[in-house]
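# Architecture at a glance
Each chain, letter by letter, is given below.
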Protein chains: 2
Amino acid sequence: MPFPSDLEIARNAVLKPIEDIADEMGIGSHLLERYGESVVKIKTEAADELAGERPAKYVVVTAITPTPLGEGKTTTTVGLGQGFGHIGKRAVVAIRQPSMGPTFGIKGGAAGGGYSQVVPMELLNLHLTGDMHAVTAAHNLLAAMLDNHLYQGNELDFDMHNITWRRVLDVNDRALRNIVIGLGSSADGLPRQTGFDITAASEVMATLALARSLADLRAKLGQIVVGYTGDRKPVTAEQLQAAGSMTVLLREAIKPNLLQTLENTPVLVHCGPFGNIATGNSSVVADLIGIRCGDFLITEAGFGADMGAERFFNIKCRASGLKPDVAVLVATVRALKAHSGKYRIVAGKPLPDELLEENPEDVAAGAANLRKQIENVRLHGVAPVVAINAFPTDHPSEHRIIREIAEEMGARAAVSTHFSDGGRGAAELASAVAEAAEQPNDFRFLYPDNASLREKIDTIATLVYGAAGVDYSDNASRQLNTYEGAGFSHLPICMAKTHLSISSNPKLKGAPTGWTLPVREVRASVGAGFVYPICGEMRTMPGLSADPAAAHIDLDADAEIVGLS
Amino acid sequence: MPFPSDLEIARNAVLKPIEDIADEMGIGSHLLERYGESVVKIKTEAADELAGERPAKYVVVTAITPTPLGEGKTTTTVGLGQGFGHIGKRAVVAIRQPSMGPTFGIKGGAAGGGYSQVVPMELLNLHLTGDMHAVTAAHNLLAAMLDNHLYQGNELDFDMHNITWRRVLDVNDRALRNIVIGLGSSADGLPRQTGFDITAASEVMATLALARSLADLRAKLGQIVVGYTGDRKPVTAEQLQAAGSMTVLLREAIKPNLLQTLENTPVLVHCGPFGNIATGNSSVVADLIGIRCGDFLITEAGFGADMGAERFFNIKCRASGLKPDVAVLVATVRALKAHSGKYRIVAGKPLPDELLEENPEDVAAGAANLRKQIENVRLHGVAPVVAINAFPTDHPSEHRIIREIAEEMGARAAVSTHFSDGGRGAAELASAVAEAAEQPNDFRFLYPDNASLREKIDTIATLVYGAAGVDYSDNASRQLNTYEGAGFSHLPICMAKTHLSISSNPKLKGAPTGWTLPVREVRASVGAGFVYPICGEMRTMPGLSADPAAAHIDLDADAEIVGLS
């Protein structure tokens, strides 16, 4: 018997009525809005109504520096949630909504995998309740208001060469990266160069994810900076009179979506800010609700602990006021072997045969990355637990080595077989997390609000990445001066750096030291509430391959979807 | 007491549970999917399950040639639906979903008006259940697949200068009308000129509106022509392997949405194809369901009877197989006065004072348009009823004149005060429609399928518009030859002509004769299933004004929407 496909497993799932799931979370039916047969939205009032409930332990799932294949973080997050059910604890999972661009591009779906999935996976991957589309609409309304303002006479005195607001679409479309608009006749707007990003990369998405309430969202949207005047003064969405309409467009999208795992664990799915240039974390609103609904709230942070988790600690937790108890570091044998520097893993190609042979020495040789990422979690006063995400090609000796390294560093560790075994396979991991969560919470930010933007960047670069220092381009220095002058220096930093190395060079594996972080440009997401230095080529609009997933997705004769996942 | 605003009236509406509305239609709960608190989607299986029910009388609401202000067609449609409740008949209303572009542009909402509205109006005007967004996503995925195909080597041999597929967004954004994409580096696609239309103008929208089922939609999407090869052969969405994914994206959007009027009449809201270049009619699927759910199914066709109703008869009814019984022609005193040629009505400006004075002679002087539009309904073997949509500034003598003209033409007529009085004000109109519906159904198409494209165009121009003939540009002739050669000659015609005159010149009022229809270009919506000749400047992407509605839409302190309508 071959192992069934994700779609086959998902189709055989026995879903509980979603209102029953909400009821088990303590969320009354008056706080629910049904969307189709298996999803409810939860009204934002839920956070206030449940404020008296005992808060759950707050667990973030992060990872060592991944290979281009990813190390199964979402699957581990879902599996861990299911695992708590096997040790008598109530868990709630909170994850991002997948972007449809990659769904039709390379991945064909993103709902976990194997026996650790969010269902219905078709809904999760396609539209869900329309939140992504609402973000697209709000973002592009602001763009239309901006270009209309220029066309009607540019009363706000925009510098036509310093307009930073682009447009967005939730599709992988490389041809839209760089475009010229406003061609045609004098009735067709003013010509200028701009482009489209994928919706996940929209500042509106990041703003929605970091807002605490609808009123907070309204205020933050007004602060979005869309460009600068001739004398380098920021111009905002509020000045363009667009923020009210944008909020109205997002009135439903701010309500988190409730789905479930294959084992009926509640899953809050909400927002999907892009990891490349934004937080890569699901929403604050979902966590403010979920923290009151069980023994453990498990959320996922994109990329490795140097990236998603650092942003989770210093940006998302600043916005939410929540204090994480445990960070789960997902590690795989293949990734640690790759960190030895001996193997090259390329997305879309089979793994090298030698990498699959039993070789605990290579695992040990790649351990520096794991050690550094454990340290990065500790820097924030949070208890680390190493989750060894098991693959059928792994060898027990290799798992043993990872466990030893973790324990040397004083971290708990557990092998997890949630992909093939579901929650049962994550029970040991769940127990380790539960134990770690009993330690006193010593959570702290890496830097204070009132440090300068340069101080914040230097702190992350040296303490988290292990860089010797930071090299700012002239352009970046000028931009930092502009932002300090404009009053943005209180904002936290969201580093836009490769996720494939702890350094800024994707080729450097392990935990390199003695290198310098190049900051070539700095941008500000003032509405969302962070400044993001660009340290390398950051793609904000993916392309399609020669054989995209979209070419194979269709309906079968029973109108069931084929080709997803 | 000033007359309350539409939003105030809508907020005071007492909604019935939407499942009760469905139940009264005979639609079982197993056929419903809830979306939020006041909307259900109806599964497409409903049409088959209800096939044994007695069909409703089928009523299309159309109009005389309108002024730029519109003559209250949607409001009359909704009011008439409510009116049937006052004469003991069960009516179902079927209308288009409003586009968000105009909602944030000029109109601020489109849900009827006064005491004849669809509620909740906020939902109707904003996102609804996401169908428009699904159309946007499917359309733009096809565009991305197309540009990716060019980038990957153009194996299908597209002529780069004969690519007809553009992109769409549901926003008024003139700067996107004409753009150049694919700039940047060699990794960023191939540079070429293209543009964005508003989502309502998408052929995907027209295709969804004309499909009879999901399987039919899948087939039609595959037939969409996106461009031509060097030797003028059409290239389809099927050849680009995009039609399967597009159908998957539209799997929920094909299900009609059920809302209600202020008086709890069921309203099917489904699809919103653009009147300028597409049918301007709501969906076939909604009508196939609605026709089994009451005594009367009332649907609306965009613009005047020469435009929307002609397309309704010859395109939509061809696709659905349904036979209309009655056509309601909405007429207003102000529009008939305008057809006298003595007044100029401009959108956004107050009506001329003289136009508001009692003047039945001017009404009579504009009667030619009403007479011709009654004739246009009769051409299709359908019984006309003139609905005099009453305004507070009208005079009884003016209403009397309209009634006399209608009766001279053998048509029934009724004054309707549904705007100020709700369904009660439309009871007389409902009775007139019910009487007219008792006549034997003599419905017929204007032209047979097997007429040539030129014969079809000539027939519409001369019989419906009253033109002396048609003048084809060289370009149009070449295109017609291409389409005949490609096997598209069996398709019906969707004329893209101004709606502000029965002729092709928006300045000509009444019912002009002796003029020639200029066809400067002909395009083919092969997936949707029609060929559309362009007879004048047809805008497919609106712009925003100097003071757009979006600048005034916001949330108030109670998080209620202000500024809509």
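Residues numbered from 1 in each chain as written. Chains lettered and ligands numbered in written order. Predicted model: local features only at pLDDT ≥ 70, side-chain atom pairs only at ≥ 80, totals over all residues. Heavy atoms only, no water.

Turning our attention to unusual backbone geometry. In the segment running from A:Val119 into A:Pro120, the intervening peptide bond is cis, with an omega of -5 degrees. Its location among the elements puts A:Pro120 in the loop between strand E6 (116-119) and helix H6 (121-125). Phi at B:Asn264 takes a positive value of approximately 70 degrees, unusual for a residue other than glycine. Note that B:Asn264 resides in the loop between strand E14 (257-261) and strand E15 (266-269). (Helix = DSSP H or I, 4+ residues; strand = E, 2+ residues; numbered from the N terminus.)

The next thing to look at is the packing of helix H12 (residues 305-320) of chain B against helix H15 (residues 367-378) of chain B. Residues and elements named next belong to chain B. Where H12 meets H15, the axes come as close as 10 Å, and the angle between the chain directions of the two elements is 5 degrees. As judged from the angle between their axes, H12 and H15 are roughly parallel. From H12, Ala305, Asp306 and Phe313 reach across to H15, where they touch Gln373, Asn376 and Val377. Looking at side-chain class alone, the contact of H12 with H15 contains 3 nonpolar, 2 polar and 1 charged residues. (Axes fitted to C-alpha atoms, helices over the stretch in contact; angles between N-to-C directions. Parallel < 35°, antiparallel > 145°, perpendicular 65-115°, else oblique. Contact = heavy atoms within 4.5 Å. Nonpolar A, V, L, I, M, F, W, Y, C, P; charged D, E, K, R; others polar.)

This part covers a nonpolar patch on the surface. Together, A:Phe3, A:Tyr115 and A:Phe419 line one region of the surface with nonpolar side chains, adding up to about 270 Å² of accessible area. Inspection of the secondary structure puts A:Phe3 in the segment before helix H1 (6-11). (Patch = residues over 30% accessible without salt bridge, like charges linked within 9 Å, V, L, I, M, F, W, Y side chains within 5 Å. Areas by Shrake-Rupley, 256 points an atom, 1.4 Å probe, with all protein chains shown as cover. Salt bridge = Lys/Arg side-chain N within 4 Å of Asp/Glu carboxyl O.)

Moving on, we come to the pairing of strand E23 (residues 521-525) of chain A. Across the 5 residues that make up E23(A), a large majority, 4, are buried. In textbook terms, the turn of a hairpin is the stretch between consecutive antiparallel strands, and for E23(A) and strand E24 (residues 530-535) of chain A this stretch comprises 4 residues, one of which, A:Gly529, has a positive phi near 105 degrees. (Buried < 20%, exposed > 50% of the residue type's maximum accessible area, 1.4 Å probe, protein only. Pairing = 2+ DSSP bridges.)

Contact residues are listed per partner, giving 64 residues for chain B and 64 residues for chain A. Of all residues in chain B, B:Arg174, B:Val248 and B:Arg251 give up the largest surface area on contact with chain A, accounting jointly for 10% of the area buried on that side. On the surface where chain B and chain A come into contact, there are 8 salt bridges. Taking the shortest distance from any N to any O, the salt bridge between B:Glu37 and A:Lys43 comes out at 2.7 Å. (Buried area = accessible area lost by both parts, 1.4 Å probe.)

Turning our eyes to something else, we now look at the domain arrangement of chain A. All names here are of chain A. When its domains are assigned, chain A resolves into domain 1 (36-126 + 255-436), domain 2 (131-249) and domain 3 (453-535). Relative placement of domain 1 and domain 2: their C-alpha centres are 33 Å apart. At the interface, 29 residues of domain 1 touch 17 residues of domain 2. Together domain 1 and domain 2 conceal approximately 1,700 Å² of surface at their shared face, both sides included; 63% is due to carbon and sulfur atoms. For the domain 1 face of the interface with domain 2, the top three residues by lost area are Met100, Cys271 and Phe274, together amounting to 22%. Applying the counting rule to domain 1 against domain 2 returns 1 salt bridge. Among the ionic pairs, Lys41 bridges to Asp131, the shortest N-O distance being 2.7 Å. The biggest single contributor to the side of domain 1 that touches domain 2 is helix H12 (residues 305-320), with 4 residues. By residue class, the composition of the side of domain 1 that touches domain 2 is 13 nonpolar, 13 polar and 3 charged. (Domains from an automatic or database assignment.)

All names here are of chain A. Pairing of strand E1 (residues 32-35) with strand E2 (residues 39-42) involves 4 bridges; the strand directions are antiparallel. Looking across to E2, one finds that Leu32 is bridged to Ile42. Where E1 hands over to E2, the hairpin turn is made up of 3 residues, of which Gly36 adopts a positive phi near 75 degrees.

The next thing to look at is the relation of the copies chain B and chain A. For the match of chain B to chain A, the screw axis carries a shift of 0.0 Å, the RMSD comes to 0.0 Å, and the turn is 180 degrees. These values place the two chain copies in the arrangement generated by a two-fold rotation axis. Across chain B, the smallest distance between a C-alpha and the rotation axis is recorded for B:Tyr35, namely 2.1 Å. Looking at chain B, 100% of its interface residues are interface residues in chain A too, so the copies touch through the same face. (Least-squares fit on C-alpha atoms with pLDDT ≥ 70 in both.)

For the rest of this paragraph, the subject is the sheet that holds E23(A). Residue and element names in this part refer to chain A. Read across the sheet, 3 strands follow the order E21-E24-E23 without closing on themselves; strand pairing throughout is mixed. Each edge of the sheet is formed by a strand with only one pairing partner; in this case those strands are strand E21 (496-497) and E23. Where E21 and E24 come together, 2 bridges link them in parallel fashion. By the bridge assignment for E24, Lys497 is matched with Cys535.

Our focus in this paragraph is the sheet that holds strand E7 (residues 158-163) of chain A. Consider a sheet: its strands pair through backbone hydrogen bonds, and that pairing is either parallel or antiparallel. Residue and element names in this part refer to chain A. The antiparallel open sheet is built from 3 strands, whose spatial order is E7-E12-E13. Only two strands of the sheet have a single neighbouring strand rather than two, namely E7 and strand E13 (234-236). Taking each pair of neighbouring strands and ignoring which way they run, the sheet shows an average axis angle of 50 degrees. Bridge count for strand E12 (residues 225-229) against E13 is 3 bridges, and the pairing is antiparallel. Looking across to E13, one finds that Gly227 is bridged to Val235. Those strands touched by helix H7 (residues 131-151) are E7 and E12, and its axis lies near 135 degrees from that of E7.

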